[in-house]
Amino acid sequence: MTRQEPQHEKCIIAAVFDPQKSDPEIQGILEEMKLLTESAGGNVIETFSQKKHPPDSRYLIGSGKIEEIKNFAREAEAQSIVFYNPLSNTQQRNLEQYFEIKVIDRTRLILDVFATRARSLEGKLQVELAQLLYLLPRLTGKGISLSRLGGGIGTRGPGETKLEADRRTIKKRISIIRKKLDKIIESRDMRRKHRKSNPVPVVSLVGYTSAGKSTLFRALTGEEVPISSMLFSTLDPVMRRVEIQEIREDYAFLISDTVGFIREMPEELFQSFKATLEEVINSDLILHVIDISNPDYLNRKEDVENVLEEMNITPERILHIYNKADLLPDYEAIMARQDDPEFADESRVYISAIENRGITQLKKAIYKKYFKDFRPYTLAIPPKEVNLDSIKKWAIVVKQYYLDGRLNIDILSSKENMLKFKEKHGGYVK
Ligand SMILES: Nc1nc2c(ncn2[C@@H]2O[C@H](COP(=O)(O)OP(=O)(O)OP(=O)(O)O)[C@@H](O)[C@H]2O)c(=O)[nH]1
Ligand SMILES: [Mg+2]
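On a predicted model such as this, the values are computed, not experimentally measured, just so you know.

Description of helix α2 (residues 63–76)
Then step 1. The end-to-end C-alpha separation of α2 is 20 Å, in line with the 20 Å expected for 14 residues at 1.5 Å each.
Then step 2. Here α2 has its buried residues at K65, I66, I69, K70 and A73. Viewed end-on, α2 has its buried residues packed into an arc of 135°, placing them on one side of the element. Facing away from the buried side of α2 by over 90 degrees, the exposed positions are G64, R74 and E75.
Then step 3. Considering only its buried residues, α2 is in contact with β1 (9–17), β2 (42–51), β3 (80–83) and α3 (89–99).
Then step 4. Following α2 by one or two positions, E77 adopts a phi angle in the positive range, close to 55°.

Written as structure tokens, this is what we have:
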């Protein structure tokens, strides 16, 4: 980064909402805006919101409110105003002229967070592409001048110096980046083909930003990946092998952690992160990690599900993981119920990634879900003939109990394996 960045830039958040929007929803949006601004290194000193329909075409915000913001900003020596609403080019210019400080919108803010996170070549190219796609329709005749914005939030990125160029240069740069990204995808496809010959399923973690995907990745792999309460800590995808010897000795899967989602994700980011998202499309199973402690979790879950649906991922390939269960008042009761096969609800898994709880249940659920043809069976065998370890190699042992002098074992297995066992050992299978 070439520019001098102000430490903890003083920011004001401004937003205009449809009067129909409920107060809790507005509260959630504003809290997320605060977190996003902080994730870009900003210090939020005040938040102003207004219900107004339609929004003002010139300034978005109504005349009384805008004056209030200006007075506050001057008094508090704010350095920037961050709008929740997408701003048109003209609105942005009008507002900047009025406030006489930097004005950025949410898309630009998110792009800025991404720009500060990008580490790998691919990540940097993707972020630069998103920034250029955002800027292109906003270019005026003279080209956009970021120096006008004075550096700091909203101006950072791998392509920072190039962003001051004209439309033609930007278009050229976009096509160069696209070609480079295509090459990266090509080599990844080669690696994937190679992997297909080795039948280890790939499981991807997806979910709203900050749901705890990386914390779960660490719990499963022991890998020290970046984890933080700030948004979008993960940008570069990582993949590691997970052994699940406690369920089946010789069995393993690959787990991948990737960039998170957010409501109203900027289209520019979707376009640029296509390659990363394709990894998700191509995986065998998707773990949708949900932060169940968040009051807004149902809406967030739906947002992510809509994205997955757009990517043509069918619900059968998705497993719902309810994370941060440790923050729920009935945590212990939930975990105890889940451990009891009689009460466990197999369509959802509760975990606490941070406390390493529910991880075995999760592995079991993954194993079971991946082998879609697994069904429950009961083996009834004379006790001395039982070799539990060998059964565990091809089946998930759910429960064991004695009935009529025989050991009954409830298992989950494919019909094929169950029949093989029956052929070899006889015994009684329900
Ligand atoms: N209480 C509690 N906090 C958790 C749990 N899992 C994750 N967290 C916290 O939630 C925050 C986000 O965790 P991450 O693992 O970085 O979340 P992520 O989904 O990878 O988020 P991004 O990569 O930023 O999109 C961190 O502050 C974690 O410590 C959990 O099980 N319980
Ligand atoms: Mg992460």
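Quick look at the site of ligand 1
Then step 1. Residues in contact with ligand 1 amount to 23 residues; listed here are only the nearest, K213, T215, S233, T234 and D326.
Then step 2. Residue S352 places a side-chain N or O atom 3.4 Å away from an oxygen atom belonging to ligand 1.
Then step 3. Looking at the shell around ligand 1 element by element, the count peaks at 3 residues for helix α7 (residues 213–221).
Then step 4. For the shell around ligand 1, the class distribution of residues is 8 nonpolar, 12 polar and 3 charged.

Let's talk about the sheet that holds β2
Then step 1. Strand order in this open sheet of 4 strands is β2-β1-β3-β4, and the pairing throughout is parallel. Only two strands of the sheet have a single partner each, and these edge strands are β2 and β4 (102–105). Pairwise comparison of adjacent strand axes, ignoring direction, gives a mean angle of 25° for this sheet.
Then step 2. Both β1 and β3 contribute to a ladder of 4 bridges, which runs parallel. By the bridge assignment for β3, I12 is matched with I81.
Then step 3. Running over the sheet, α3 touches β3 and β4 and is turned about 150° from β4.

Topic: the confidence of the model for the protein
Then step 1. In the predicted model, the protein carries a mean pLDDT of 86, and the fraction of residues at 70 or more is 89%.
Then step 2. Least confident of the elements in the protein is strand β14 (residues 428–429), whose mean pLDDT is 64; most confident is α7, at 98.

Topic: the pairing of β1
Then step 1. Judged by how many residues are buried, β1 sits mostly within the fold: 8 of 9 residues are covered.
Then step 2. Of the strand pairs in this sheet, β1 and β2 are connected by 9 bridges, and their pairing is parallel. Bridge pairing links I13 to T47 in β2.
Then step 3. Viewed along the sheet, the connection from β1 through helix α1 (residues 23–39) into β2 turns out right-handed.

Observations regarding the coordination of the magnesium ion (ligand 2)
Then step 1. Looking at the magnesium ion (ligand 2), the protein donor atoms are S214 (OG) and T234 (OG1), and they sit 2.0 to 2.1 Å from it. Highlighted residues: S214 in helix α7 and T234 in the loop between α7 and β6 (238–243), separated in sequence by 20 residues.
Then step 2. Residue S214 is classed as buried on the basis of its relative accessible area, which comes to 9%.
Then step 3. Residue T234 is classed as buried on the basis of its relative accessible area, which comes to 13%.

Topic: the sheet that holds strand β5 (residues 202–207)
Then step 1. Ordered by their spatial adjacency, 6 strands build an open sheet running β6-β7-β5-β8-β9-β10, and the pairing between neighbours is mixed. Looking at which strands have only one partner, the edges of the open sheet turn out to be β6 and β10 (348–350). Averaged over all pairs of adjacent strands, the angle between strand axes in this sheet comes to 30°, irrespective of strand direction.
Then step 2. By the bridge criterion, 3 bridges tie strand β9 (residues 318–323) to β10 in an arrangement that is parallel. Looking across to β10, one finds that Y322 is bridged to Y350.

Considering the nonpolar core
Then step 1. Grouped together as the largest cluster of nonpolar side chains are 47 residues, with contacts concentrated most on L36, L109, F114, F232, I262 and L269.
Then step 2. For this core, the elements supplying multiple residues, two or more each, are β1, α1, α4 (106–117), α5 (121–135), α8 (267–272), α9 (274–281) and α10 (297–310).
Then step 3. Ranked by residues supplied to this core, first place goes to α4 with 6 residues.
Then step 4. Not counting chain neighbours up to four residues away, the residues in contact with L36 comprise R106, L109, I110, V113, L231, F232 and I262.

Concerning the packing of α2 against α3
Then step 1. Put simply, α2 and α3 touch, their axes get as near as 10 Å, and they point 50° apart. Classified by the interaxial angle, the pair formed by α2 and α3 is oblique. Of α3, the residues touching α2 (which contributes I66, E67, I69 and K70) are L95, Y98 and F99.

Let's talk about the environment of Q361
Then step 1. Residue position: Q361 is located in helix α12 (residues 359–370).
Then step 2. Between the alpha carbons of Q361 and E346 there is a distance of 9.5 Å; along the sequence they are 15 residues apart.
Then step 3. Non-local contacts of Q361, meaning those with residues more than four positions away in its chain, are made with Q338, D339 and V349.

Concerning the packing of aromatic side chains
Here the distance between the centres and the angle between the planes together describe a pair of aromatic rings.
Then step 1. Counting across every chain of the model gives 9 aromatic pairs.
Then step 2. Consider the rings of Y98 and F99, whose centres lie 5.4 Å apart with planes at 75°: the pair is edge-to-face.
Then step 3. With a relative accessible area of 22%, Y98 lands in the partly exposed category.
Then step 4. An aromatic cluster is defined as three or more aromatic residues linked by ring pairs; in this entry it consists of Y59, Y98 and F99.
Then step 5. Cation over ring: R138 sits above Y134, and NZ or CZ is 3.8 Å from the ring centre.
Then step 6. Above the ring of Y322, the side-chain terminus of R348 is found at 4.3 Å from the ring centroid.

Calculation notes
Throughout this description, residue numbers start from 1 for each chain and increase along the sequence as written. Chains and ligands are labelled by the order in which they are written, letters from A for the one and numbers from 1 for the other. This being a predicted model, a pLDDT of at least 70 is required before a residue's local features are given, and a value of 80 or more before pairs of side-chain atoms are given or counted; all residues contribute to the totals for chains, interfaces and linings. Calculated side-chain values reflect all of the structure's heavy atoms, with hydrogen atoms and water omitted. Under the scheme used here, helices are H or I runs from DSSP no shorter than 4 residues and strands are E runs no shorter than 2 residues, and both carry numbers assigned from the N terminus. To estimate the expected span of a helix, subtract one from its residue number and multiply by 1.5 Å. Three labels apply to residues, based on accessible area from a 1.4 Å probe with only protein chains included: buried if under 20% of the type maximum, exposed if over 50%, partly exposed otherwise in between. The directions considered for the arc are those from the helix axis to the C-beta atoms. Should any heavy atoms of two residues lie within 4.5 Å, those residues are counted as being in contact. Note on definitions. A residue lies near a molecule or strand when any single heavy atom of the residue is within 4 Å of it. N or O atoms within 3.5 Å of each other form a polar contact, as long as, within protein, one can give a hydrogen and the other can take it, and as long as residues adjacent in sequence are counted only when both atoms are side-chain atoms. When residues are sorted by character, Ala, Val, Leu, Ile, Met, Phe, Trp, Tyr, Cys and Pro go into the nonpolar class, Asp, Glu, Lys and Arg into the charged class, and all the rest, Gly among them, into the polar class. Strands were regarded as paired on the criterion that DSSP finds at least two bridges between them. Think of each axis as a best-fit line through the C-alpha atoms, taken over the contacting stretch in the case of a helix, with angles from 0 to 180 degrees between the N-to-C directions. On a scale of 0 to 100, pLDDT captures the predictor's confidence in every residue. Every crossover in which the path from the first strand over the helix to the second runs clockwise, viewed with the strands pointing away from the viewer, is termed right-handed. Counted as donors are the N, O and S atoms within 2.8 Å of the metal, or 3.2 Å for Na, K and Ca, while water is not among the atoms, so some sites may look incomplete. Residue types Ala, Val, Leu, Ile, Met, Phe, Trp, Tyr and Cys, when buried and joined through side-chain atoms within 4.5 Å, form a set referred to as a nonpolar core. Working rule for angles: under 35 degrees goes down as roughly parallel, over 145 as roughly antiparallel, 65 to 115 as roughly perpendicular, anything else as oblique. Each pair of aromatic rings taken from Phe, Tyr and Trp, with Trp reduced to its six-membered ring, is defined by centres within 6.5 Å and is described as stacked if the planes are under 30 degrees apart, edge-to-face if over 60, and tilted in the remaining cases. We call a charge positioned above a ring when the Lys NZ or Arg CZ atom is no farther than 6 Å from the ring centre and deviates by at most 35 degrees from the ring normal.

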